[in-house]
Amino acid sequence: MATKKTYFQGLGELANNPELEKFQEKEFAEKLPTEAFLSDNDKLSESSTSRRDFLKFLGFSTAAASLAACEAPIQKVIPYVVKPEETVAGVANWYASSFYDGNDFASLLIKNREGRPIFLKTNDLCDKGGINARIQASVLNLYDSARLKNPLANGEEASWSSVDQSIISGLEAAKTSGKQVVLLSSSIISPATKAVIDRFATKHNAKHVTYDALSVSAMLEANSDSFGVRTLPTYHFNKADVVVSFAADFLGDWLDAGHGKDYASKRNPSVATMSRHYQFESNLSITGANADYRTPVKASEIGVGLVNLYNFLAQKAGVSSVKVAKSGFSTQLQKAANDLWKAKGKSLVVAGGNNKDIHIVVNAINDLLSNHGATIDFSIQSKLKTGNDSDVTELINDMNSGKVGAVIAYNVNPVYNLARGAEFASALKKVELSVSFSDKNDETASVMNFVCPDHNYLESWSDAHPYTGVYALVQPTINPLFNTRQAQASLMSWTGLGADFYTYLKSYWTKNILGSTSWSSALHDGVFKTSTTEKTPAYQGSIDSAVSALSSLSGDSIDLILYTKTGIGSGEFANNPWLQELPDPITKNTWDNYLTVSPRFAKELGLTNENVSNGALDGDVVDLTVNGLTLRVPVLVQPGQAYKTLGLAVGYGRIGSGKAGDGVGVNAFVFADNFSTNLSGATLTKVEGEVHGFASTQLHHTMMGRDRIVKETTLDAFKKDPTSGNEQMLLATHKGPQAPEKVTLWEEHDRDVHWWNLSIDLNSCTGCGSCVIACHAENNVPVVGKEEIRRSRDMHWLRIDRYYSSDMTQEKADAEGVSAIDKFLEMEVASQAETLEVVFQPVMCQHCNHAPCETVCPVAATTHSREGLNHMAYNRCVGTRYCANNCPYKVRRFNWFNYSDNEQFDFYMNDDLGKMVLNPDVTVRSRGVMEKCSMCIQMLQKVKLDAKKDGRKVRTGEAQTACSIACDTGALTFGDVLDEKSDVFTESKSPRAYHLLEELNTAPSVWYQTKVRNKEI
Amino acid sequence: MSKKVIYGVYDDDDVILKAVKDIRAKGIHVDEVYSPFPIHGLDHALGLKPSRLAIASFLYGCTGLSLGLLMMWYMMIQDWPQIIGGKPNFSLLDNIPAFVPIAFELTVFFAAHLMVLTYLMRCKLYPGSSETSPDPRTTDDKFLMEIEAHGNEADLIAIMKETGATEVKEEKIA
Amino acid sequence: MHYESPIREPLILEDKTLHDITEDVARPIEGKANKYWWALFIAALLAFMWGAGCLAYTAGTGIGVWGLNKTVGWAWDITNFVWWVGIGHAGTLISAVLLLFRQKWRLSINRSAEAMTIFAVIQAGLFPIFHMGRPWLAYWVLPLPNNFGSLWVNFNSPLLWDVFAISTYLTVSLVFWYMGLIPDFAMIRDRAVKPTVKKIYAILSFGWSGKAKHWQRFEELSLVLAGLATPLVLSVHTIVSMDFATSVIPGWHTTIFPPYFVAGAIFSGFAMVQTLLLVMRKVVNMEAYITIKHIEYMNIVIMVTGSIVGVAYITELFIAWYSGVEFEQYAFLNRATGPYWWAYWSMMTCNVFSPQFMWFKKLRTSIAFTFFISIIVNIGMWFERFVIIVTSLHRDYLPSSWSMFSPTFVDIGIFIGTIGFFFVLFLLYARTFPVIAQAELKTIVKSSGSQNKK
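Being a predicted model, the structure only gives us computed values, none of them experimental. (Residues numbered from 1 in each chain as written. Chains lettered and ligands numbered in written order. Predicted model: local features only at pLDDT ≥ 70, side-chain atom pairs only at ≥ 80, totals over all residues. Heavy atoms only, no water.)

Visitor: Could you clarify how one ought to interpret the overall build of chain C in this entry?
Guide: A count of helices and strands for chain C gives 17 helices and 0 strands. By the compact-globule yardstick of 22 Å for 454 residues, chain C fits well, its C-alpha radius of gyration being 23 Å. Here chain C holds 454 residues, and the buried ones make up 67% of them. Long-range pairs, those at least 24 residues apart, make up 81% of the contacts in chain C with a sequence separation of at least 6. Accessible surface, chain C as shown: approximately 15100 Å² in total, 75% of it carbon and sulfur. (Helix = DSSP H or I, 4+ residues; strand = E, 2+ residues; numbered from the N terminus. Rg over C-alpha atoms; globule rule 2.2 N^0.38 Å. Buried < 20%, exposed > 50% of the residue type's maximum accessible area, 1.4 Å probe, protein only. Contact = heavy atoms within 4.5 Å. Areas by Shrake-Rupley, 256 points an atom, 1.4 Å probe, with all protein chains shown as cover.)

Visitor: Please clarify how the confidence of the model for chain C should be interpreted in this entry.
Guide: It should be kept in mind that the predicted coordinates are not to be read in detail where pLDDT is low. Mean pLDDT for chain C: 90, with 98% of residues reaching 70 or above. Prediction confidence for the complex, expressed as pTM and ipTM, is 0.90 and 0.92 respectively. (pLDDT = per-residue confidence, 0-100.)

Visitor: Would you take a moment to explain a positive patch on the surface for this structure?
Guide: Residue and element names in this part refer to chain B. A grouping of Lys 49, Arg 52, Arg 122 and Lys 124 is seen on the molecular surface, where their side chains present a positively charged patch. Within the secondary structure, Arg 52 is located in the loop between helix 2 (42–46) and helix 3 (53–79). Take Arg 52: its relative accessible area is 61%, and that puts it in the exposed class. (Patch = residues over 30% accessible without salt bridge, like charges linked within 9 Å, V, L, I, M, F, W, Y side chains within 5 Å. Salt bridge = Lys/Arg side-chain N within 4 Å of Asp/Glu carboxyl O. Lys, Arg positive; Asp, Glu negative; His and termini not counted. Charge placed at Lys NZ, Arg CZ, Asp CG, Glu CD.)

Visitor: Looking at this structure, how should I read the interface of chain A and chain B?
Guide: Taken together, the contact pairs 14 residues of chain A with 10 residues of chain B. Summed over both sides, the interface between chain A and chain B buries roughly 990 Å², with carbon and sulfur atoms accounting for 63% of that surface. Inspection of the region where chain A meets chain B yields 0 salt bridges. At the surface where chain A touches chain B, the tally comes to 4 residue pairs in polar contact (both at pLDDT 80 or more). Partitioning the side of chain A that touches chain B into residue classes produces 3 nonpolar, 7 polar and 4 charged. (Buried area = accessible area lost by both parts, 1.4 Å probe. Polar contact = N/O pair within 3.5 Å; in protein donor to acceptor, adjacent residues only side chain to side chain. Nonpolar A, V, L, I, M, F, W, Y, C, P; charged D, E, K, R; others polar.)

Visitor: I tried to follow a nonpolar patch on the surface on my own but got confused; where do I start?
Guide: A contiguous nonpolar patch, built from Trp 38, Ile 42, Leu 45, Leu 46 and Met 49 of chain C and spanning about 500 Å² of accessible area, is present on the exposed surface. A relative accessible area of 45% means that Ile 42 of chain C is categorised as partly exposed.

Visitor: Would you explain the interface of chain A and chain C in this entry?
Guide: Accessible area lost on assembly of the parts is the figure often given for the size of an interface. Contacts between the two partners involve 59 residues from chain A, matched on the other side by 64 residues from chain C. Both faces considered, chain A and chain C share a buried interface measuring about 4900 Å² in area, 57% of it formed by carbon and sulfur atoms. When the buried area of chain A at its contact with chain C is split by residue, Arg 706, Arg 876 and Arg 927 of chain A rank highest and sum to 16% of it. Here chain A and chain C share 4 salt bridges between them. For the salt bridge of Arg 881 of chain A with Asp 77 of chain C, the shortest nitrogen-to-oxygen distance reads 3.1 Å. Put simply, chain A and chain C have 38 residue pairs in polar contact (both at pLDDT 80 or more) between them. Those elements giving two or more residues to the side of chain A that touches chain C turn out to be strand 33 (799–804), helix 28 (820–827), helix 29 (852–856), helix 30 (882–885) and strand 35 (893–894) of chain A. Looking at the side of chain A that touches chain C element by element, the count peaks at 4 residues for helix 29 of chain A. A per-class count over the side of chain A that touches chain C returns 28 nonpolar, 17 polar and 14 charged.

Visitor: Got a minute to help me understand the sheet that holds strand 4 (residues 167–173) of chain B in this structure?
Guide: Sheets are built from strands that pair by backbone hydrogen bonding, the pairs being arranged parallel or antiparallel. Residue and element names in this part refer to chain B. Overall, antiparallel pairing links the 4 strands, which are arranged 2-3-1-4 in an open sheet. The sheet terminates laterally at strand 2 (32–34) and strand 4, the two strands that pair on one side only. Here the average twist between neighbouring strands, direction ignored, is 25°. With 7 bridges connecting them, strand 1 (residues 3–10) and strand 3 (residues 143–149) associate as antiparallel partners. In the strand pairing of strand 3, Tyr 7 is matched with Glu 146. (Pairing = 2+ DSSP bridges. Axes fitted to C-alpha atoms, helices over the stretch in contact; angles between N-to-C directions.)

Visitor: Help me out: how do you make sense of the environment of Pro 414 of chain A in this one?
Guide: Residues and elements named next belong to chain A. Among the secondary structure elements, Pro 414 is positioned in helix 16 (residues 414–417). For Pro 414, a relative accessible area of 0% corresponds to the buried category. Along the backbone, Pro 414 and Phe 424 are 10 residues apart, and their C-alpha atoms lie at a distance of 7.2 Å. Excluding residues within four positions of it along the chain, Pro 414 makes contact with Leu 184, Tyr 211, Gly 421, Phe 424 and Thr 444.

Visitor: Would you mind going over the sheet that holds strand 4 (residues 152–153) of chain A with me for this structure?
Guide: Residue and element names in this part refer to chain A. Pairing within the open sheet is mixed, and its 7 strands lie in the order 5-4-16-15-14-6-7. One side of each edge strand has no neighbouring strand; the edge strands of this open sheet are strand 5 (156–157) and strand 7 (206–210). Looking at chain direction, strand 4 and strand 16 (residues 450–451) are connected through 2 bridges and run antiparallel. Looking across to strand 16, one finds that Ala 153 is bridged to Phe 450.

Visitor: Quick question: what am I supposed to make of the pattern of salt bridges here?
Guide: Proximity of charged atoms lets side chains of opposite charge pair with each other. All names here are of chain A. Scanning all chains against the criterion turns up 83 salt bridges over all chains. Put simply, Glu 816 and Lys 812 hold a salt bridge, and the shortest N to O gap is 3.8 Å. Taken together, the residues Glu 816 and Lys 812, both in helix 27 (residues 810–816) and 4 residues apart, mark about one turn of the helix. Residues Lys 981 and Asp 979 are paired through a salt bridge, measuring 3.5 Å at the closest nitrogen-oxygen approach. Judged by relative accessible area, Asp 979 falls into the buried class, the value being 14%. By sharing partners, the salt bridges in this structure join Arg 276, Lys 335, Asp 339, Lys 342 and Glu 1016 into a single network.

Visitor: Quick question: what am I supposed to make of the pairing of strand 1 (residues 93–100) of chain A here?
Guide: Sheet faces and side chains relate simply in a regular strand, where the side chains alternate between the two faces. Residue and element names in this part refer to chain A. With 6 of 8 residues buried, strand 1 lies mostly within the body of the structure. In terms of strand pairing, strand 1 meets strand 2 (residues 105–113) through 8 bridges, oriented antiparallel. Each bridged residue has a counterpart across the sheet, and for Ser 97 the counterpart in strand 2 is Leu 108. Between the antiparallel neighbours strand 1 and strand 2 lie 4 residues, among them Gly 102 with a positive phi of about 90°.

Visitor: For this particular structure, what's the right way to read the packing of aromatic side chains?
Guide: Aromatic ring pairs are described here by two measures, namely the spacing of the ring centres and the angle between the planes. Tallied over the entire structure, the rule returns 90 aromatic pairs over all chains. The interplanar angle of 90° and the centroid separation of 5.6 Å between the aromatic rings of Tyr 410 of chain A and Phe 437 of chain A together place this pair among those described as edge-to-face. Taken as a pair, Tyr 410 of chain A in strand 14 (residues 404–410) and Phe 437 of chain A in the loop between strand 15 (433–436) and strand 16 lie far apart in primary sequence, 27 residues in all. Accessibility classification places Tyr 410 of chain A together with Phe 437 of chain A in one group, the buried group. The interplanar angle of 80° and the centroid separation of 5.2 Å between the aromatic rings of Trp 215 of chain C and Phe 218 of chain C together place this pair among those described as edge-to-face. Taken together, the residues Trp 215 of chain C and Phe 218 of chain C, both in helix 8 (residues 212–245) and 3 residues apart, mark about one turn of the helix. For the pair Trp 215 of chain C and Phe 218 of chain C, a shared accessibility class is recorded, and that class is buried. Residue placement shows Arg 600 of chain A over the ring face of Tyr 643 of chain A; its charged tip is 3.7 Å from the ring centre. A cation over an aromatic ring shows up here: Arg 793 of chain A above the ring of Trp 896 of chain A, its NZ or CZ 4.9 Å from the ring centre. (Phe/Tyr/Trp six-rings, centres within 6.5 Å; stacked < 30°, edge-to-face > 60°. Lys NZ or Arg CZ within 6 Å of the ring centre and 35° of its normal.)

Visitor: What am I meant to see in helix 2 (residues 35–61) of chain C here?
Guide: Note: α-helices contain 3.6 residues per turn, so residues at a spacing of three or four share the same orientation. Residues and elements named next belong to chain C. In a regular helix each residue adds 1.5 Å, so 27 residues correspond to 39 Å; helix 2 covers 39 Å between its end C-alpha atoms and thus fits that length. Listing the buried residues of helix 2 in full gives Trp 37, Phe 41, Ala 44, Ala 47, Gly 51, Cys 54, Leu 55 and Thr 58. Considering only its buried residues, helix 2 is in contact with helix 5 (110–130) and helix 15 (409–432). A positive phi of about 135° marks Gly 62, the residue just after helix 2. (Expected span 1.5 Å × (residues − 1).)

Pasting the structure below:
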């Protein structure tokens, strides 16, 4: 690695704690008793061994021991000359911190091993916000080899002092010439940062412009119209009995990562009222996939539908209804309206898209349903997004007209994610001074004079005020890896406040936030709550103008929806190989964005997808033109997509993001004119003779009538009989019908210490995929890249199977006498958009207690533990792959190549920096060995050892796996079934519990809970 | 002291078989017969004892079987028992079915190879052995009878001639 | 010495005398190789080297250079393994089983058939080793403690059974073959004029002199070895079939496999013997010994075993339907109508339909046609293994993991390489070894030679 690594030696040092500094300068506090050794022997015998001697012995013996223990020679030994007192080799430290990237907020606990943050989980002290795949993966961004290692002046590496000088003089120049100084940033929720910015603004009379790549400006405007406050409320999905969403992907990227958790808490059929969820949307989102009733709607029809819904409710409320054309799907709307009205005050209507009119009508509807103050809470506001679209437009105009003397871009990438990005870039030429805080030389940074690389959030001090009454702290968990500087510090130094943001932050908090509470306790908790609430504004909106605008929208043209994928989001993490390789929950494709087209429409246009000889998926390529702009994009035929509406994910087509992110997909932001994500008037022309290769981890999309894979029932049936949909299968034996697990030749082995089981609730699983990333991070699962995924060689230990329903069923075939061949051919086809149902099923090693894989291994490399775990001894494996062949769940993964230190797989495991994210507790597998889910045995081992040290039993719920920790919605329950107090014990006894492929009597240690849909049939 | 042997060359297996019988009927001991291929009934005619290779091989087979079972019992049940596929790897009896194939293979392995070794040793056949038949044609199409003479060369030659030997020669061997 | 009825057709033509046989058998060894031999040899050598290169590439880079994936963990590797092992069944079967049944016609073909067996099993043996992710650790499948520590091998694993079955089969076939060779080497030795050649064959012949006692023991030995080899032959493919039969994968988990595999093995073995002998009898002029009668006998075996295999295929389909297990039913429906239907129907045509032509004496006594069918059968048997392995794996239980397989140039290269290696060995054998068990053949000149049938 080019740069010199400096190792974090503890918080004290980051706190620039004066004692510590003194201590460090004078490394060896006490004088060494050398003369005691040099002089005569009897003195030597009585001489006391100093701390330093002890450390020498310790260091030597550790090195010796490790050298002796290791097969390969040690390349790097990191001796602690002064061991930071809180760091114990081999023991993890957890530090509370927070994540905010301008989009999602999460209060986190960061796991540190030997000073390296390698894993993170939600901080339970904070009930707001939530974790998603991107946040889970953010730890890898710290070790991104594409990060800038020094400040840049006009593309050349420079020293901070020189950069500062020229920037300050630049700012002065702008001031004297009376031109604007503009700080362009994403939404900022950090009070201290805001204070710094204010100081900066006053000094340089600068203007602060805010915009969000995934803008909700329209929603803010709508709220200021309807309520007089330009703000976002918080939504309580956990209080809503009926949820109606118009294209709001609230389980994905709609406003807040915390919605999934709240939503899931109402999806458990055993609770008093399981919520009923209607989704009206154009392209199939994970939210739609989880809905009870999903109606595919052409994007431009959504507005009219919404107004129709308003009218239905207005009738019930006895309010005058508005004039609007009848919607094409009013029956479903009527049904939704009835349910909403029944659940008045306990319901929720939400809408996506960045269209003000839509949100005005939504506000009106929620007002009719008196949801404000109930499920929609203005007293606790969300501050996550405050951006204002018009300001940016204005800024660009000002830049063009030469009014702007300096632009400082903070946590924004306008050249990339503004539709007018190119224009912005050219306008920059008219600006004398342009500075970017980007930590990469990305699209924007590369066209700016100066780049002052910001710390990664894991290296920074900061704070956050995401919601009313919720304050959070961001503390560094590692010393800065490179010669970077925190943006706040930069701003301070240009304002003449010194560069010590930590002290500033601390004093700011003690002055303005903490009150009586001590700084250190707040820092320890990572989050600080106050009881303050905002006063709830009254609804004062009118919808007439909105209605007319919406009714004019609908037309027959082809619509295009710009959406975000749970993995890539707005694209700032595009260079994170974990996220690139995370299969999209719906399409199961990786390393790509593409145009999703409904099967019917694709047929009309003669667009096809087909599998090549090795199964990999190929798609036609089209030229997509919207408002005169044309992009060449591959086509993915997407069941459930609305007819004549296309979907295209933003966040791809990055430049300068790094080796993993660059050149993946196309940049769809160019279409998002005025931040609008719903566009009309798209045209497609097929590019003849060109095909695009997709990398899909799932090639077959239906259950082929094997309904016992994912068992389903409806809420009504479940209320009548909890075992409905989960009837015990019986096999005919000489003893009469028997449950499969009864049909066995041998006695079971004792399970008397622990028996680790995992239960997966198919109702709570939203398919978000953060468990997959957590598994990657905890278990050093390699990234293999697009070509290998195309060869069906993904390495995910934990995969989330996504099945579409099919219109052909066993019953239908029997009734209509369809031949077996046709039956199966038709079963392979997913249902019509209207009738399509989707299920997610996380599948990892089932840890079968009658494991087929164990029996067939010639060298006994995979055997069973007394605690019911299916072990895999990498060192013993010779790689016959017999176990993988004989695994009915196909969860075993083979190391086809050496995935680390291999130019062919130039991802994070191929450079020293990226390797710092590896979990030292887990082997990096060599080529030619089989690997698979171990139920995070290293974590279990830790728990058992801790218990042993304290001389106690393992506490209930103490043992967890990476996936069960990562799962916000509580879909994954891990524990010891021998412990009758544990949740997993209860789950395993639940009437919904079943084993996957129980007819094989593999006796898995993983349970699934029947999927219950809240719908009539 | 050197001894004399008479070699009678025959060119038909039936003839030499009959000759051996006749000559032995005269009470003369036929020392050896060299032939290009096995002649059925010759061993009886020469009064050779039946071979016991088969018995040896049976014993070897039993050894192989028991060694095989012993090995599998020791390795999987005695020395390092493990839970594999939920199968009862703690008792030989329950595991026997899985051990049958290898037990059988080892039986055959031992029986075959040890028998062959025994055969080679008993016949003193080994790479580098310089022994050959007194007359190279005996591996082609000639049959050779060898009788040691004790002063009765003349009548031996006569007998051979009359029993159909195509040529008869007398040699001294030290 | 038993006589046989004059109406039986002679097994040795052209009134060969004992000496003629010696001459004919020695000729290829003492004479110079003709240009056909060289052409074949060079072609085979090139193929062999290409395959060796592909193997080296695989071992150096990783199994990833093959077409396998997370769903289809075995494809051409194990297909080729089973195919070669199958081929390797004819030799020992001919020499052992036919010896027990006192089938005299075995005598002029058993030597080459056994040679073929050994060479084929060598090819087969390559695959289990090189299909491993870490072939340099292949010795770990031997019952040694793990790195000479304390973890032993797993005797429950059919793969381990294979290790023992294949190695036993290879070595036993080898000694069986070699014991038969000793008297013939002696014959070459006694004719040899060049001293070096004489020396070499002297070493090879272990100092054989043809004493009566040796012959007596020799006969006993052959008989007992045959008695041992017969169950061994049957066991080998039985155990190979257990790799699949003991698994849980629909299409593999089938109790019919052992007999079905054995029949298939004999089927393909005889086909390969045909292919080779039809060539060899021309190249080293053995028409007098490998007669139409021999060819016809073997064709009959091919026809019978082929029909057995056909019955097995149909039984499989029936049981799948009858079992009522949806996975089984789909597995077999998918074979016939799924993406790999072409493999299934090539298998059916080659293995079940084509041998039926052998019901006609005219066809089964036609050399050209026999040669054609023998090739067809070998192709068909390769497809059988491909169908069993790949089409069962590529769509098993959870549709989410269903995938496809297509070979890379390395897969193909290695297969071609083993064919090359096989022919290199066989051609060298044909030039240096007595290709007919002449000593034993001489015992039947009186009973089955054409001169005695007049």
